[in-house]
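Fold and contact review
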Amino acid sequence: MAFKANIKISSLLVLICFLTFFLHTTTQACHRTDRLALLDFKSKITEDVNMLQTWNQSTDCCIEWEGVACDRHGRVVRVERVGYFDEEPWMDTYINGTISPSLGKLKFLRYLDLSGHFYLHGTIPLELGKLSHLTTLYLHSNNLEGSIPASFQNLRKLENLFLSNNRLSGTIPTNMFQHMVYLSQLFIDSNRLSGRIPSSIDKLVSLEFFQFQQNNFTGSIPSTIGSLKKLVYLDLTENQMSGSIPASIGELSKLQQLDLSRNSLSGSIPSTISSLKKLAYLNLADNQISGSIPASIGELFKLERLVLSRNRLSGNIPASIGSITALQYLYAQNNRLTGKIPSLVNATTLRFLDMSYNPLSLVNIPSWISKMNHLWELKLARTGLTGKLPQWLSSTSLSYLDLSSNKLAGALPAWIGKMTNLNYFNISNNGFHSDIPIEFKKLSDLRELDLHSNNFTGGLSSIFPKDGNLFSYNFVDLSYNMFVGRIDNIGNLGGMDLLNTLDLSNNHLSGSIPKSLAKFLNILKLEKNRFTGSIPSEVINLEKLVEFDVSYNKLTGKIPPHKTRFPASSFQGNSGLCGSPLPPCKTA
C-alpha cells in the first residue's frame, strides 16, 4: 500500500514540475513594442485616479499591469477598463487625457475598452485602424470629438463597436462598413454625427444591434436595410431622417425593437410591417407619417408597446389592433384618427392607453375599459366625450386619468372618492358645475390636480387639506372657475409640503394672501380674484419662485423688496399697490 502511495505522490510531483515548466516556457515576458506603446499611452494621461498606477517600466505588462492581458507569446491582446471593479462600483476611478496613436502598434490587440472614463478627450487616432485583429472597441461615454477615422474600414474582424455618448461630428466614412461582415453591435448614438447613413450598411450581415439615435443624420432610411437579416434592435430616434419607411423593413424577421421616433419621416406605415412577428416595441412617434394604421398591424402578436403619437395618421383605428393580446402600452395621441376605439379586452395586460387629441367620436368612455383590470393610465383628452362621468370608473384601479378638453358636464360625483389610486386627475376645460364633494378628500395619493376652465363653485375645503399627509400635491390648477372663500393658512394644511405650482387665478376668492404658502413653489398665480391686504414678503421671496402674478385684485401697500424680477403686469390692476416695479409709493 505504501509503495502504491509513493508512486502516486511521485506522479503528482512530476505533473506539477511539468506544468510549472510548461507555464514558464509558454508565457513569455511582455513584448518590448507593446510595453512601450502602453507606456506612451500612459504618458498622454494628464490625470490618473486609481487606474494606471501599476503601469511602470520596472514590471512586466503581461503579469503585473492591471487591465492588460497577453497571449503566450507575450503580445498584448486585451486592454480594458483598468481600476473598475463590478463588486466595488463606488470607487472613484477615472483618467483624463488623450488617446495616444501608439495604441495602433499593438498589432495583436483583440479587445480595447477605454469607455466610461468621461474625461478622455481629443480625437480618435486614425492609427487604431491598424488593429487588424481587433474584435471589440469600446470608446463610449467620454468627451471624444472630431470625426470617425476612415481607417476604421480596415477593422475587418470587428464584432463590437461602441462610440456612444461622445462629441463626435462629421459624416460616417462612406466605405466604413464595406468589410465588417462580423460586426454584431454598432452603437454610435448620442453624438453630433451628420450626413446620410452610408449604403454600405448592407454589408453588415451579422449586425444584431443598430443604435444611431440622438445625432443629426439626414436623408432617408436606406432601402438596403432589409439586408440585415440578423437585426434584433434598430434605433434611429432623434435625428433628421426624412422620406418614407422602406417596405424592406418587413424583411427584418428577427427584429424585436424598432424606434424611428423624433425624425421627419413621412409617407404611410408599410403593410409589410406585419412580417415582424417577433416585434415587441414599435415607436414611430413625432414624425409626419400619414395615411391609416394598416390592419396588418394586428398580426404583431408579440407587440407590447405601440407608440404612434404626434403624426398625421387618419381614418379609423383598425379593429385588428384588439387582437394584439400582449399589448401593454398604446399611445396614438395627437393624430387625425376618427371613429371609435376598438375593444382591447383581449389585451388583458394593457396598462397605458392614450388616444387624446384625435377627432374621435367617442361620446362616452368605452364601457369595455371597465374590464381592463391592469389599466393604470387612461388619457382621452379632446376625443368627443359628452355627458357625465360613468360610475364604473369608481371600481377601476386607474392612477392617471385625463379627460380634459371635452364636453363633460354635471356635478363631480361623490363616488370620485373611491378612486383612491388616483395620482393624476385632469378634467379641465369641460362643463362641470358643482361644489367639490367632501369625499374628494379621500384621494390621499393625488399629486397633480387640474380642474381649470369649468364652473366649479363653493370653497376649497374639500381640496385643502386632503386626508392623510403621506403624499403632497405637486401641481394644482383651479383657475377659471367660480370658487369662493378665503385661503387663510393654506400653506399649513396637509398635502402642501412639496407643491411647486399653484394656480387659483380667475375665481372669486377673497381675504388676505397667507404668509404660509408651500416652501417649494415655482409658480403662484392669484390674479383676477378679490384678495385684499398687502403682499407678504415671505411669499414673494420664496426661494424657488420664478412666476408670480397677483394682478387685478384689491391689494394695497408697498410691494416688498424681492430677489426675483417680476414684470409690472404681475401687479397691475391693484389701485392700492405701489413700489417697484410699479410707480413709487407717495410720501406723506
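Not measured: the values here are computed from a predicted model.

Procedures and definitions
Residues numbered from 1 in each chain as written. Predicted model: local features only at pLDDT ≥ 70, side-chain atom pairs only at ≥ 80, totals over all residues. Heavy atoms only, no water. Disulfide = S-S within 2.5 Å. Helix = DSSP H or I, 4+ residues; strand = E, 2+ residues; numbered from the N terminus. Buried < 20%, exposed > 50% of the residue type's maximum accessible area, 1.4 Å probe, protein only. Salt bridge = Lys/Arg side-chain N within 4 Å of Asp/Glu carboxyl O. UniProt positions renumbered as here; feature names shortened; annotations may be inferred. Contact = heavy atoms within 4.5 Å. Polar contact = N/O pair within 3.5 Å; in protein donor to acceptor, adjacent residues only side chain to side chain. Pairing = 2+ DSSP bridges. Core = buried A, V, L, I, M, F, W, Y, C linked by side-chain atoms within 4.5 Å. Patch = residues over 30% accessible without salt bridge, like charges linked within 9 Å, V, L, I, M, F, W, Y side chains within 5 Å. Areas by Shrake-Rupley, 256 points an atom, 1.4 Å probe, with all protein chains shown as cover. Lys, Arg positive; Asp, Glu negative; His and termini not counted. Charge placed at Lys NZ, Arg CZ, Asp CG, Glu CD.

1. Description of the state of the cysteines
Inspection of every chain in the model, using the stated rule, returns three disulfides. Two residues share a disulfide in this structure: Cys30 and Cys61, whose sulfurs sit 1.7 Å from each other. Because the sign of the S-S torsion sets the handedness, a value of about 75° for the bond joining Cys30 and Cys61 places this disulfide among the right-handed ones. Of the two residues, Cys30 is situated in the loop between α1 (2-26) and α2 (32-43) and Cys61 in the loop between β1 (45-49) and β2 (68-70); the sequence distance between them amounts to 31 residues. Pair check on accessibility: Cys30 and Cys61 agree, each one buried. Linked covalently through their sulfurs, Cys578 and Cys585 form a disulfide whose S-S length is 1.8 Å. Linking Cys578 and Cys585, the disulfide has an S-S dihedral of approximately 90° and is accordingly described as right-handed. Given a relative accessible area of 27%, Cys585 falls into the partly exposed group.

2. Details of the pattern of salt bridges
Taken as a whole and assessed by the stated rule, the structure comprises 13 salt bridges. Here Asp488 and Arg486 are joined by a salt bridge, their closest N and O atoms 3.0 Å apart. Overall, Asp488 belongs to the partly exposed group, its relative accessible area being 35%. Residue Arg486 is classed as exposed on the basis of its relative accessible area, which comes to 53%. Salt bridges sharing partners connect three or more residues here, namely Asp354, Glu377 and Lys379.

3. Some remarks on the UniProt feature "domain: Leucine-rich repeat-containing N-terminal plant-type" (unreviewed entry) in the protein chain
UniProt records the feature "domain: Leucine-rich repeat-containing N-terminal plant-type" (unreviewed entry) for residues 33-71 in the present numbering. Annotated as residues 33-71, this span is 28% helix and 21% strand, and its ends, taken at the C-alpha atoms, are 14 Å apart.

4. Some thoughts on the environment of Asn287
Note on placement: Asn287 falls in the loop between β17 (281-283) and β18 (290-291). Through-space distance from the C-alpha of Asn287 to that of Lys441 is 42 Å; in sequence the pair is 154 residues apart. Each residue touching Asn287, except ones within four places of it in the same chain, is listed here: Leu260, Ser261, Arg262, Asn263, Ser264, Leu265, Arg310 and Asn311. At a separation of 3.1 Å, a polar atom in the side chain of Asn287 contacts the main-chain carbonyl oxygen of Leu260. A polar side-chain atom of Asn287 sits 3.2 Å from the main-chain carbonyl oxygen of Ala285.

5. Describing the sheet that holds β18
Spatially, β18-β20-β22 is the arrangement adopted by the three strands of the open sheet, whose pairing is parallel. Two strands close off the open sheet at either side, each with one partner strand: β18 and β22 (336-338). As judged from the two bridges shared by β18 and strand β20 (residues 312-316), these two strands associate in the parallel manner. Of the residues in β20, the one forming a bridge with Gly291 is Leu313.

6. With respect to the nonpolar core
In this structure, Phe210, Phe425 and Phe440 are the most contacted members of the largest nonpolar core, which totals 158 residues. Ranked by the residues each element gives to this core, the list is headed by α2, at four residues. Discounting residues that sit within four places of it in the chain, Phe440 has contacts with Leu412, Ile416, Phe425, Leu446, Leu449, Ser462, Ile463 and Tyr473.

7. So, the side chain of Asp34
Looking at the secondary structure, you find Asp34 in helix α2. Among all residues touching Asp34, those that are not within four sequence positions of it are Gly74, Arg75, Val76, Lys105 and Leu106.

8. Description of a nonpolar patch on the surface
Judged by side-chain polarity, Val181, Tyr182 and Val205 come together as a nonpolar surface patch covering roughly 260 Å² of accessible area. Structurally, Tyr182 is set in the loop between β10 (167-171) and β11 (185-187).

9. Topic: a positive patch on the surface
Taken together, the side chains of Lys230, Lys254, Lys278 and Lys302 make up a positively charged region of the molecular surface. Mapped onto the elements, Lys278 comes out in the loop between β16 (257-259) and β17. Classification of Lys278 by relative accessible area gives partly exposed; the value is 42%.

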